[in-house]
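Below, each chain spelled out in residue letters.
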Amino acid sequence: MPTAAQRKALKSTENLVRTFQNLPGRQRKEGIASPRPTQYSRDAQRQRVYDAEHDFVRLVRGRAEHPRISISGVSMDVPDILRFGDLSAVQAFVDQVTRHAGASRISVHTNDRLAQRANYSGGVITLPLGGADHRWAWNQAVLLHEIAHHLTAGAKHNSPFPAALTELFTTWISPEAGLLLRLLYLDLGVKL
Ligand SMILES: [Zn+2]
């Protein structure tokens, strides 16, 4: 079992990654799987899932300067993602996705005490409050991640969560976005 200190370090790493801040460089060495602080838990590939999505968002943010990339021998245009300006737009998007998937409804709330993270639990997505500092979570990539938890209840970040999220990216962002996420997952050894 991880020690209390390890759990605390893990928690702060998770929060850091969840903010999708522009951290300098990737969080791992090329070709070497990222350290797995969660290997003792059943959510063993959580960090790699976050790392892949962090890379995805970093590429999206840099698309003005680098509109085309080559990854694993595949050249593609870097996709863009929608950002939402208010909670009703967020809720409308989430409703559209769950209806299309034939899933039960998710209600979206904000919580100013969760300023650093988005969260899914029991049919509820909680987002940081809107506003310049917190709006990072009000975009398709973060919302689809939380919706994928709804669609793969109990899987945490294990299979089939990554496959479900890849499919959501393909359907709701673009085929290129789904392909890019899949390649980033494979690059990091994430099991789909
Ligand atoms: Zn998650």
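Residues numbered from 1 in each chain as written. Predicted model: local features only at pLDDT ≥ 70, side-chain atom pairs only at ≥ 80, totals over all residues.

### Quick word on the overall build of the protein
What counts, and what does not: Helix numbers and strand numbers start at the N terminus; a helix is a DSSP run of H or I with at least 4 residues, a strand a run of E with at least 2. Exposure criterion: with C-beta atoms placed from backbone coordinates, a residue whose C-beta has 20 or more other C-beta atoms within 10 Å is buried, one with 12 or fewer is exposed, and one in between is partly exposed. We call two residues in contact whenever the C-beta atoms placed from their backbones are within 7 Å.
Looking only at helices and strands, one finds six helices and five strands in the protein. In the protein, the succession of α and β elements from N to C terminus is α-α-β-β-α-β-β-β-α-α-α. Taking all 192 residues of the protein together, 32% fall into the buried category. Taking contacts inside the protein between residues at least 6 apart in sequence as the whole, the part at least 24 apart equals 52%.

### Digging into the environment of Asp55
Here Asp55 shows up in helix 2 (residues 46-61). For Asp55, a count of 21 C-beta atoms within 10 Å puts it in the buried group. When the C-alpha atoms of Asp55 and Leu180 are compared, they prove to be 9.9 Å apart, with 125 residues separating the residues in sequence.

### Thoughts on the confidence of the model for the protein
Defined as follows: Each residue carries a pLDDT score, the predictor's own confidence in it, on a scale running from 0 to 100.
Per-chain confidence: the protein averages 82 in pLDDT, with 74% of residues scoring 70 or above. When mean pLDDT is taken per element in the protein, helix 5 (residues 161-172) scores highest with 98 and helix 1 (residues 4-18) scores lowest with 42. Segment residues 8-35: pLDDT under 50, and 28 contacts once partners within four positions in sequence are set aside and those in other chains are kept.

### A few points about helix 6 (residues 175-187)
Applicable threshold: Expected helix span is computed as 1.5 Å times (number of residues minus one).
With 13 residues, helix 6 extends 18 Å from end C-alpha to end C-alpha; this agrees with the ideal 18 Å at 1.5 Å per step. Among the residues of helix 6, Ala177, Leu180, Leu181, Arg182, Leu183, Leu184 and Tyr185 are the ones counted as buried. Elements in contact with the buried residues of helix 6: helix 2, strand 1 (68-71), strand 2 (74-77) and helix 5. Downstream of helix 6 by one or two residues, Gly189 has phi in the positive range, about 75°.

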